[in-house]
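Examining the three-dimensional arrangement
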Amino acid sequence: MKVAIFAFEGVGHLNPQLALATKFLEKGHDVRFYLLSEKMEADIKKLPFDALDVHVTPECMKNASPVEYEDQDESDRKVNDLIICMLGAAWYSLPGELKDLKKFGADLILYDPFVVSAPIAAYVLNIPCVSTVTVPSVNHYTALAGRNGEEEYRLALEEIQESSTMQRFAS
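What this report covers is the structure whose coordinates are included nearby.

Grouped together as the largest cluster of nonpolar side chains are 20 residues, with contacts concentrated most on Ala4, Phe6, Leu101 and Ile109. When residues of this core are traced back to their parent elements, those giving at least two are strand E1 (2–6), helix H5 (81–104), strand E4 (108–111) and helix H6 (117–125). Leu14, Phe33, Met40 and Ile44 belong to the second-largest nonpolar core, a separate cluster that totals 16 residues.

This brings us to the sheet that holds strand E2 (residues 30–35). Spatial ordering of the open sheet is given by E3-E2-E1-E4-E5, a layout of 5 strands whose pairing is parallel. The open sheet is flanked by strand E3 (52–56) and strand E5 (129–131), the only strands paired with a single partner. Pairs of neighbouring strands in the sheet enclose a mean axial angle of 20 degrees, with direction left out of account. As paired strands, E1 and E2 are joined by 5 bridges and run parallel to one another.

This part covers the environment of Met40. Its place among the elements puts Met40 in the loop between E2 and helix H2 (41–45). Sequence separation between Met40 and Glu9 is 31 residues; the distance between their C-alpha atoms is 6.5 Å. When residues no more than four places from it in sequence are discounted, the contact partners of Met40 are Glu9, Gly10, Val11, Leu14 and Leu35.

Analysis parameters
Residues numbered from 1 in each chain as written. Predicted model: local features only at pLDDT ≥ 70, side-chain atom pairs only at ≥ 80, totals over all residues. Heavy atoms only, no water. Core = buried A, V, L, I, M, F, W, Y, C linked by side-chain atoms within 4.5 Å. Buried < 20%, exposed > 50% of the residue type's maximum accessible area, 1.4 Å probe, protein only. Helix = DSSP H or I, 4+ residues; strand = E, 2+ residues; numbered from the N terminus. Pairing = 2+ DSSP bridges. Axes fitted to C-alpha atoms, helices over the stretch in contact; angles between N-to-C directions. Contact = heavy atoms within 4.5 Å.

Okay, here's the thing in structure tokens:
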């Protein structure tokens, strides 16, 4: 089996994926990490397995970084910067990831919930996917942090849909 792992490059996010990757590799499966920058590449490559590979799309994070708050459109100011940044990263990384996933022949996508491109790629390529839980609790949605109740949740989702960044990437 060929497993594609989409990592968010923070230690708490990466550690469970490294543990899973190690088990897949010990059982003889091929594993390829998909990274948005070179930040963790050297550490991942230290794993002692020949069937481990890393695909890096560094330019996506450089192009996806949100602008300073003062320079943001009013609609983007209502949305968490991480969400805006990860939408941008997905926009820039997805074409290369789709091409590489086809070449790799991935049978499964394991992804961090902050990496937006992974479930999109899974949907487009009809590859099963599963997310690790690297958030404070099950059913915790970063987009809804600080919001309480159905009305505030609905408002938060509407703000994301109406943000100029989301509109740009959705069109």
